[in-house]
Each structure stands twice: as C-alpha cells, then as structure tokens.
Amino acid sequence: QVQLVESGGGLVQAGGSLRLSCVVRGSIFSFNDMGWYRQAPGKERELVAAITRGGTPAYSDAVKGRFTISSDNAKNTVYLQMNSLKPEDTAVYYCRGRQVLPFSIYWGQGTQVTVSS
C-alpha cells in the first residue's frame, strides 16, 4: 500500500519561506502526476501546484511566481518551495498522488502552514 507523508509546515511571518516535503512510501513512479493542495478553514480544498512524471509543473494563479514544485525521484519525494508567503496562504497543505491505470488517488495526512501578518 502506497503512503504519502508530508512534512515541513509551520509558522512563518509574511514574506518568509517554507519548504514542504512529501515522501512517497512505495514508488513515486506509481503516480502519473503529483500535486499539492491546500484547504483553509471554511473553504474548499484547492490545487496549488502539480508536476507530471516527466517533470512538467503547473501552478494556480494565486501562487505562480512564488511557489515552486519539484521532485527527486531517487528520494521518492516531491517538494513545494514557498517564498514570499502571505497570510492568505495559511491552510493545511496536502500532497496528492494520481494514478491513471488503475485510476486511484492517494492523499497525505496534511501539514499546517500558518503565515502571520
């Protein structure tokens, strides 16, 4: 059974940086793409960034230019480097792996990111 384990969240002041990590316990090659989502209190979970197995990234407009998603296949790890953080980035951040055949979605347990003003 594949598991996703996030780490790296915490409390940071506005303008600061954090790097989230998502370790795949299993093989990262199980997934066609991986992504980072976030959910703020009272809001729906939203896509922040995603990366394909081939390394092509994509970002939401809210984080484009500030966040960078990357993967280290040798370490079975996906990262989210978050710079110039804003209070509105405060949320629980989740790692998601998507497998196409057979279709499956895997989620990590989430890691809290809090940005103070």
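The text that follows walks through the structure, step by step, so that each part is easy to find. Per chain, the residues get numbers from 1 upward, laid out in the order the sequence is written. Where local features are concerned, this predicted model is filtered to residues with pLDDT of at least 70; where side-chain atom pairs are given and counted, the filter is 80 or more; whole-chain, interface and lining totals use all residues. With hydrogens and water set aside, each side-chain value is computed from the structure's full complement of heavy atoms.

A word on the state of the cysteines. Cysteine sulfur atoms are paired as a disulfide whenever they come within 2.5 Å of each other. In total, this model carries 1 disulfide according to the counting rule given. The side chain of Cys22 participates in a disulfide bridge whose partner is Cys95; the two sulfur atoms lie 2.1 Å from each other. Here Cys22 and Cys95 share a disulfide; its torsion about the S-S bond, -80°, makes the bridge left-handed. Taken together, the residues span a long stretch of sequence, with Cys22 in strand 3 (residues 18–25) and Cys95 in strand 9 (residues 91–99) at a distance of 73 residues. For the pair formed by Cys22 and Cys95, the shared burial category is buried. Helix numbering and strand numbering both begin at the N terminus, where a helix is a DSSP run of H or I of at least 4 residues and a strand a DSSP run of E of at least 2. Residue exposure (1.4 Å probe, protein chains only): buried if accessible area is under 20% of the type maximum, exposed if over 50%, otherwise partly exposed.

Turning next to the sheet that holds strand 8 (residues 77–82). Note on pairing: two strands pair once DSSP finds at least 2 bridges between them. Read across the sheet, 4 strands follow the order 1-3-8-7 without closing on themselves; strand pairing throughout is antiparallel. The open sheet terminates on both sides in strands that have one partner only, identified here as strand 1 (3–7) and strand 7 (67–72). The sheet shows a mean angle of 15° between the axes of neighbouring strands, direction not considered. In terms of strand pairing, strand 7 meets strand 8 through 6 bridges, oriented antiparallel. Its bridge partner being in strand 8, Asp72 is matched across the sheet by Thr77. Angles shown run from 0 to 180 degrees and are taken between the N-to-C directions of axes, each axis being a line fitted to C-alpha atoms and, for helices, limited to the stretch in contact.

Tracing the sequence through the fold places Asp89 in the loop between strand 8 and strand 9. On the basis of relative accessible area, Asp89 is assigned to the buried category, the value being 0%. Between N or O atoms, a polar contact is any pair within 3.5 Å; within protein, one atom must be a potential hydrogen donor and the other a potential acceptor, and residues adjacent in sequence are included only when both atoms are from side chains. Of note is the side chain of Asp89, whose polar atom sits 2.8 Å from the side chain of Arg66. Note on contacts: a residue pair is in contact if any heavy atoms of the two residues lie within 4.5 Å. Dropping the residues within four chain positions of it, Asp89 is found in contact with Arg38, Arg66, Phe67, Ser84, Val113 and Val115.

This paragraph deals with the pattern of salt bridges. Any carboxyl oxygen of Asp or Glu that lies within 4 Å of a side-chain nitrogen of Lys or Arg is treated as forming a salt bridge with it. For the coordinates displayed, the defined rule picks out 6 salt bridges. Between Asp33 and Arg96 there is a salt bridge, with the nearest N and O atoms lying 2.4 Å from each other. With Asp33 in strand 4 (residues 33–39) and Arg96 in strand 9, this pair connects stretches of sequence that are 63 residues apart. Accessibility expressed as a relative area gives 8% for Arg96, which makes it buried. Residues Asp89 and Arg66 are paired through a salt bridge, measuring 2.8 Å at the closest nitrogen-oxygen approach. You can see Asp89 sitting in the loop between strand 8 and strand 9 and its partner Arg66 sitting in the loop between strand 6 (57–59) and strand 7, a full 23 residues away along the chain. In this pair, the class of Asp89 matches that of Arg66, namely buried. One network of salt bridges, in which partners are shared, links Arg38, Glu46, Arg66 and Asp89.

Any functional reading would require information beyond the geometric quantities listed.
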